[in-house]
Amino acid sequence: VREPSLPPAPTANGRLLAALHQSGSASRAKLTSAAGLARSAAGSAVQELQDLGVLVVRPPAASGETRGRPSPVLELLDDGPWVATCELRPDALRIGAAHLGRTLSATRTLPCDATTESPADVLARVGRHLSRFIRKTPGPCVGVGLSLPGMVDTEAGVAKSILSMSWHGVPVRSLLARHLPKGLWLTIGRDAEFAALGEHRVGAGRGASRLLYLLGEAVGLGGMVIDSRIEWSRHQHALQAGHMVVDPQGPRCLCGSRGCLEVFTDGRAIARAVGAKGPFTPEGFQRAVVLGLTSRQVDRIRAQVLPRLRQGLVSLVNVLGPDMVVLGGVLAPLRDLAEEELRSGLRQSVVADVEHVTLVRSELDDAVLFGAAEAAFEPLLHDPKAVLRVAARA
Ligand SMILES: [Zn+2]
């Protein structure tokens, strides 16, 4: 089911479309320079993208901002190409339609039980939901981005190990493709990596040249380093940050080591500190913080969770040298509860002592969906003509 191969480097119209995807509508002159194109190459790229039904050219805005001939404005069409973006969790499927210009619409959460049903049944259900969604959404769907909560071989399209769903070596791409319209690019990846990509492109991590993203989950802690000078999908660095040992005499972790960072800082650890029954999901902990924790509960979080998180942060920043740290999942409300303690902890790192390192919380509710969409748009932004030709045949 693999799609036609793409040229090694993005085409001129791909580069122009990527610039338009990033900025939204803008003048042709501005997009030409953002895409690094010569004026003649940009001219034919605009014509091709117009013929492909991706954009429309509007007369220049009346303003005296530039000398010489004012440049026409390029605008994305509302019913242009889009991708279906989805996040499979053990207990639910979240889907949405992602559009060029980095907007998301029609998001919804559908029931799905990936803990008791077989992978083939779960993926058949996902495929049926998606097919219906694709039929009902206007414009050509050119791809699907699917996020999974575990280790994934992106190239092979295989879920290597998803502990929470007991999936091991599941050929996700081929199982799902059977239930989808032909001609769709199907991109799979891991939730923490997509969340990092989403925050970097659309959310709190915009503008970071080297972003360290940490995602605290109900069980576990993942991470990602995104270097903005390196193309996504090539040599970006996923981190098993949760398994960094911060206390060799600490409690046993699921991985077999003792005293891993996640044992002290994930949704289980925070729930233990405040005396809640089950582990906190990111949404559950955020809700608890908004409804108001008692000062005693906050003190216990400060005493039991923060010192280890600070310790982990200092080591990670020293080793990875980011200019920005984004805390997501259960760590995002923690950053609000104890911003100054975390910042002062961070300043103890050698790197942050010398360089400026920003510490922020994640901004997006649907970071994973945005990230999966960014990955799923890659083929289109590489060669719009080839991808749309295949989509038109489907
Ligand atoms: Zn561990």
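Refer to the structure printed above.
Residues numbered from 1 in each chain as written. Predicted model: local features only at pLDDT ≥ 70, side-chain atom pairs only at ≥ 80, totals over all residues. Heavy atoms only, no water.

Trainee: Just checking my understanding: could you explain empty space enclosed by the protein for this structure?
Mentor: A probe as big as a water molecule, rolled over the atoms, marks out the empty space that is left. In this structure the tally under the stated criterion is one cavity of 30 Å³ or more. Lining the largest cavity, in full, are A98, H99, R102, T103, F370, A373, E374 and F377. Secondary structure elements with two or more residues in the lining of the largest cavity: β5 (92-99) and α15 (367-382). The dominant element in the lining of the largest cavity, judged by the number of residues it contributes, is α15, at four residues. For the lining of the largest cavity, the per-class residue count stands at four nonpolar, two polar and two charged. (1 Å grid on protein atoms, 1.4 Å probe; cavity = no way out; pocket = protein on both sides within 12 Å on 5 of 7 lines; lining within 4 Å. Points joined across faces, edges and corners; volume = space filled by probe spheres on them. Helix = DSSP H or I, 4+ residues; strand = E, 2+ residues; numbered from the N terminus. Nonpolar A, V, L, I, M, F, W, Y, C, P; charged D, E, K, R; others polar.)

Trainee: When you look at the packing of helix α1 (residues 12-23) against α15 in this model, what are you seeing that I'm missing?
Mentor: Each pair of packed helices can be described by the angle between their axes along with the distance between the axes. Interaxial distance between α1 and α15 falls to 8 Å at its minimum, and their mutual angle equals 140 degrees. Between α1, through G14, R15, L17, A18 and H21, and α15, the contact on the second element is made entirely by E374, F377, L380, L381 and H382. Classifying every residue of the contact of α1 with α15 gives five nonpolar, three polar and two charged. (Axes fitted to C-alpha atoms, helices over the stretch in contact; angles between N-to-C directions. Contact = heavy atoms within 4.5 Å.)

Trainee: What is the right way to read the sheet that holds strand β1 (residues 26-27) from this model?
Mentor: In sheet architecture, strand pairing relies on hydrogen bonds along the backbone and comes in two forms, parallel and antiparallel. Here three strands make up an open sheet; going across it, the order is β1-β3-β2 and the pairing antiparallel. The two strands at the open ends of the sheet, each matched to only one other strand, are β1 and β2 (55-58). Pairing of β2 with strand β3 (residues 73-76) involves four bridges; the strand directions are antiparallel. The partner of L55 across the bridge, within β3, is L76. Across the sheet, α1 is in contact with β1, β2 and β3; its angle to β3 comes to roughly 75 degrees. (Pairing = 2+ DSSP bridges.)

Trainee: How should I be thinking about the coordination of the zinc ion in this particular structure?
Mentor: For a metal with four tetrahedral donors the ideal donor-metal-donor angle is 109.5 degrees, while six octahedral donors give ideal angles of 90 or 180 degrees. Those donors, H243 (ND1), C253 (SG), C255 (SG) and C260 (SG), are the protein atoms that reach the zinc ion, and they lie 2.0 to 2.3 Å from it. Every donor counted, the four donor atoms about the zinc ion form angles of 104 to 124 degrees at the centre, which fits tetrahedral coordination. The sequence pattern describing where the donors of the zinc ion fall on their chain is H-x9-C-x1-C-x4-C. Here the residue H243 occupies a position in the loop between β14 (237-239) and α7 (261-265), and C253 occupies one in the loop between β14 and α7, the gap between them amounting to 10 residues. Exposure remark for H243: the relative accessible area of 28% places this residue in the partly exposed category. Judged by relative accessible area, C253 falls into the buried class, the value being 6%. (Donors = N, O, S within 2.8 Å, 3.2 Å for Na, K, Ca; no water. Tetrahedral: all angles 85-135°; square planar, octahedral: opposite > 155°, others 65-115°. Buried < 20%, exposed > 50% of the residue type's maximum accessible area, 1.4 Å probe, protein only.)

Trainee: Where do I start with the pattern of salt bridges in this structure?
Mentor: Once the charged atoms of two side chains with opposite charge are near each other, the side chains can pair. Inspection of every chain in the model, using the stated rule, returns 18 salt bridges. Note that R308 is salt-bridged to D247, the shortest N-O span being 3.1 Å. In this pair, R308 sits in helix α11 (residues 306-320) while D247 sits in the loop between β14 and α7, placing the two residues 61 residues apart along the sequence. On the basis of relative accessibility, which here comes to 23%, the residue R308 falls in the partly exposed class. Its relative accessible area of 18% is what places D247 among the buried residues. For D336, the salt bridge is made with R361, and the minimal N-O distance between the two is 2.5 Å. A residue pair is termed long-range when its members are at least 10 positions apart, and D336 in helix α12 (residues 331-337) and R361 in strand β16 (residues 358-361) qualify at 25 residues. By relative accessible area, D336 is classed as partly exposed at 41%. (Salt bridge = Lys/Arg side-chain N within 4 Å of Asp/Glu carboxyl O.)

Trainee: Which parts of the structure should I look at to understand the layout of surface pockets?
Mentor: In this model, the second largest pocket occupies a volume close to 1,400 Å³. Taken together, 46 residues make up the lining of the second largest pocket; nearest its centre are D191, L215, E217, A218 and P282. At the level of secondary structure, the elements contributing two or more residues to the lining of the second largest pocket comprise β4 (82-88), β9 (158-162), α6 (191-201), β12 (210-216), β13 (221-227), α9 (282-291), α12 and α15. When grouped by side-chain class, the residues that make up the lining of the second largest pocket number 21 nonpolar, 11 polar and 14 charged.

Trainee: Would you mind going over the side chain of H99 with me for this structure?
Mentor: Tracing the sequence through the fold places H99 in strand β5. Only 2.8 Å separates the side chain of H99 from the side chain of S105, close enough to count as a polar contact. Ignoring any residue separated from it by four or fewer positions in sequence, one finds H99 in contact with H21, W82, S105 and F377. (Polar contact = N/O pair within 3.5 Å; in protein donor to acceptor, adjacent residues only side chain to side chain.)

Trainee: Explain the pairing of β9 to me, please; I cannot follow it from the model alone.
Mentor: Side chains on a regular strand alternate between the two faces of the sheet. When strand β8 (residues 151-153) meets β9, the two strands line up antiparallel, connected through three bridges. The residue of β9 that forms the bridge with V152 is A159. By the bridge criterion, three bridges tie β9 to strand β10 (residues 167-170) in an arrangement that is antiparallel. Bridging from a neighbouring strand, A159 pairs with V170 of β10. Connecting the antiparallel pair β9 and β10 is a turn made up of four residues, with S166 showing a positive phi of about 55 degrees.

Trainee: Any chance you could explain unusual backbone geometry here in plain terms?
Mentor: The phi angle of most residues is negative, glycine excepted, and most peptide bonds adopt the trans form. Even without a glycine there, the phi angle at A106 is positive, about 55 degrees. Residue placement: A106 occurs in strand β6 (residues 103-111). Non-glycine residue S166 carries a positive phi angle of around 55 degrees. Within the element layout of this structure, S166 appears in the loop between β9 and β10. Taking relative accessible area as the criterion, S166 reaches 57% and is therefore assigned exposed.

Function cannot be inferred from these measures alone, as they are strictly geometric.
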